[in-house]
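Chain by chain, the residues:
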Amino acid sequence: MSDTERKRPNILITGTPGVGKTATASLIAEQIGFRHVNVGDLIKQHKCYDGRDEDLDTHILDEDKLLDLMETMFQECADENKGIVADYHSSELFPERWFDLILVLRAR
């Protein structure tokens with residue numbers, strides 16, 4: 001995101017499985033005209049994994065591939081003067097500079 005200065009904020013919705021991250025992020029993005037990015041879907045669509053952990057029955061995330069892909073998306077949105085509302089179950093993966101607001105959803 002170096003070529004274009006961002007004019008719109010980026011928001012991350014995070015929380016444990018089943019709390020409504022995707023539904024909330026989608027609704028917010030729709031209401032304010034931002035792009036919704038479901039990071040879990042992005043990982044699957046672009047095969048951002050490096051092998052499989054058979055013991056845990058899950059893919060091993062290729063963080064570099066994911067972050068490179070998302071960096072491009074953030075730049076495109078900045079170029080279009082558009083913000084992003086992303087949802088993912090964790091926040092520590094992402095560079096701090098990417099998000100202006102992080103909302104943590106939780107169940108009662």
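Cut-off values and rules
- Residues numbered from 1 in each chain as written.
- Predicted model: local features only at pLDDT ≥ 70, side-chain atom pairs only at ≥ 80, totals over all residues.
- Heavy atoms only, no water.
- Helix = DSSP H or I, 4+ residues; strand = E, 2+ residues; numbered from the N terminus.
- Buried < 20%, exposed > 50% of the residue type's maximum accessible area, 1.4 Å probe, protein only.
- Polar contact = N/O pair within 3.5 Å; in protein donor to acceptor, adjacent residues only side chain to side chain.
- Contact = heavy atoms within 4.5 Å.
- Core = buried A, V, L, I, M, F, W, Y, C linked by side-chain atoms within 4.5 Å.

Novice: Any details on unusual backbone geometry? Residues and values, ideally.
Specialist: Leaving glycine aside, a negative phi is the common case for residues, and trans is the common case for peptide bonds. A positive phi angle is found at Lys47, which is not glycine, with a value near 50°. Structurally, the position occupied by Lys47 is in the loop between α2 (39–45) and β3 (49–53). Judged by its relative accessible area of 51%, Lys47 falls in the exposed class.

Novice: I'd like a rundown of the side chain of Ser90, residues and numbers included.
Specialist: If you trace the backbone, Ser90 turns up in the loop between β5 (84–87) and β6 (101–105). A distance of 2.4 Å separates the side chain of Ser90 from the side chain of Glu92, its partner in a polar contact. The residues touching Ser90, leaving out its near neighbours within four places in the chain, are Leu12 and Thr14.

Novice: Could you give an account of the nonpolar core, with specific residues and numbers?
Specialist: Counting 19 residues, the largest nonpolar core has Val39, Leu66, Met70 and Phe94 as its most contacted members. Mapped onto this core, the elements with two or more residues apiece are α2, α3 (63–79) and β5. For this core, the leading source of residues is α3, giving 6 residues. Setting aside residues no more than four positions away along its own chain, Leu66 makes contact with Val39, Leu42, Ile43, Cys48, Leu61 and Leu93. One finds Ile13, Ala25, Phe34 and Val85 within the second-largest nonpolar core, a separate group that totals 6 residues.

Novice: Run through the environment of Thr14, naming residues and quoting values.
Specialist: If you trace the backbone, Thr14 turns up in strand β1 (residues 11–15). For the pair Thr14 and Tyr49, spaced 35 residues apart in sequence, the C-alpha separation works out to 20 Å. Apart from residues lying up to four places away in sequence, Thr14 is in contact with Lys21, Tyr88, His89, Ser90, Ser91, Ile102, Leu103, Val104 and Leu105. One polar contact links the side chain of Thr14 to the main-chain amide nitrogen of Ser90, over a distance of 3.3 Å.

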